[in-house]
Amino acid sequence: MLTPTVVVFDLDGTLIDSRGDIVAAVNHALVATGRAPLPGQVIVRYVGDGARALCARAARLPETSESVEDVLRHFLDYYARHPLDFTRWMPGAQEMLERLSDLGDLALCVCTNKPRSTTDAVLAALGVGARFRAVVAGGDVAAKKPDPAPLLHLAARLGVQPHKMVMVGDGPQDIECARRAGARSIAVLGGFASQDELLDARPDVLLRTLGELWDVLRRWRDATVRLSTVR
Ligand SMILES: O=C(O)COP(=O)(O)O
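What counts, and at which threshold
Residues numbered from 1 in each chain as written. Predicted model: local features only at pLDDT ≥ 70, side-chain atom pairs only at ≥ 80, totals over all residues. Heavy atoms only, no water. Domains from an automatic or database assignment. Buried area = accessible area lost by both parts, 1.4 Å probe. Salt bridge = Lys/Arg side-chain N within 4 Å of Asp/Glu carboxyl O. Polar contact = N/O pair within 3.5 Å; in protein donor to acceptor, adjacent residues only side chain to side chain. Near = heavy atom within 4 Å. Areas by Shrake-Rupley, 256 points an atom, 1.4 Å probe, with all protein chains shown as cover. Nonpolar A, V, L, I, M, F, W, Y, C, P; charged D, E, K, R; others polar. Buried < 20%, exposed > 50% of the residue type's maximum accessible area, 1.4 Å probe, protein only. Helix = DSSP H or I, 4+ residues; strand = E, 2+ residues; numbered from the N terminus.

Bringing the domain arrangement of the protein into the picture now. Domain annotation for the protein reports domain 1 (6–17 + 87–229) and domain 2 (19–81). On a C-alpha basis, the centroid separation for the pair domain 1 and domain 2 is 25 Å. Per-residue buried area on domain 1 facing domain 2 is highest for Asp17, Thr118 and Phe192; these three make up 37% of the total on that side. The interface formed by domain 1 and domain 2 contains one salt bridge. We note a salt bridge from Asp17 to Arg19, for which the minimum N-O separation is 3.0 Å. Viewed at the interface, domain 2 and domain 1 are joined by seven residue pairs in polar contact (both at pLDDT 80 or more).

In structure tokens:
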């Protein structure tokens, strides 16, 4: 087993708790297009497959319907203006990012299905854009997670083999994307997916919070050092 050199984070539900802002933006879009707002706990169940899928599910439209465009436009416009009204770091996320950045020899990246405009707005508002070597957002490549394409795109951009990457995420989309790309996967509880959904996705490791990530990476690193000494 090789030590990972690239740690790729999912954004929504993994690094940030963005539920409040997503719900506010969806409800703004629903009302602006003449629809009734939905309870927050209904909307959060629709998150994970990108903004178009989210808007379509909330507006009860097929994703291919042209009417989704209107809802999506209102959603994106509102979210770009309100990226951080309610959004907070997930437990342990900010400290873990700082600790891993200080290590210096790991490339940190983001791979999110969130659209590029809202991803940029949120990372800029949090003041952490510069911590990431690369960010791939929804729409940057043709397919979204769970397709392996976004992660393979990152691997090519960084010039690393996918098996040297680890994808850290709160959704089955993240785990499947990692497996299909040939990367390792770490699931974190507390985000948008339930524990059962995450277990069904068969991650390599399941964490309660991001605070536990350090130990996992250290153990992989120690195991690699021991193996190379044996050889
Ligand atoms: O916007 C989404 O659908 C989910 O975004 P994520 O990939 O960062 O979880």
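Structure shown, so let's carry the discussion forward.
Around the ligand sit Asp10, Leu11, Asp12, Gly48, Asp49, Gly50, Thr112, Asn113, Lys114 and Lys145, and those are all the residues in its vicinity. The backbone of Leu11 places a nitrogen or oxygen atom 3.2 Å from an oxygen atom of the ligand. Contact with the protein chains removes 94% of the 280 Å² of surface that the ligand exposes when unbound. Looking at the shell around the ligand residue by residue, the classes come out as one nonpolar, four polar and five charged. Each of two domains, domain 1 (6–17 + 87–229) and domain 2 (19–81), supplies a minimum of three residues to the shell around the ligand.

This part takes up the pattern of salt bridges. A complete count under the given rule lists 15 salt bridges for this structure. The salt bridge involving Asp49 is made with Arg57; its shortest N-O contact spans 2.8 Å. Assessed through its relative accessible area of 32%, Arg57 is described here as partly exposed. Where Arg73 meets Asp70, a salt bridge forms, and the shortest distance between an N and an O atom there is 2.5 Å. Of this pair, Arg73 and Asp70 both sit in helix α4 (residues 68–81), separated by three residues, roughly a single helical turn. Classification of Asp70 as partly exposed rests on a relative accessible area of 34%. Among the charged side chains, a salt-bridge network with shared partners connects Asp10, Lys145 and Asp174.

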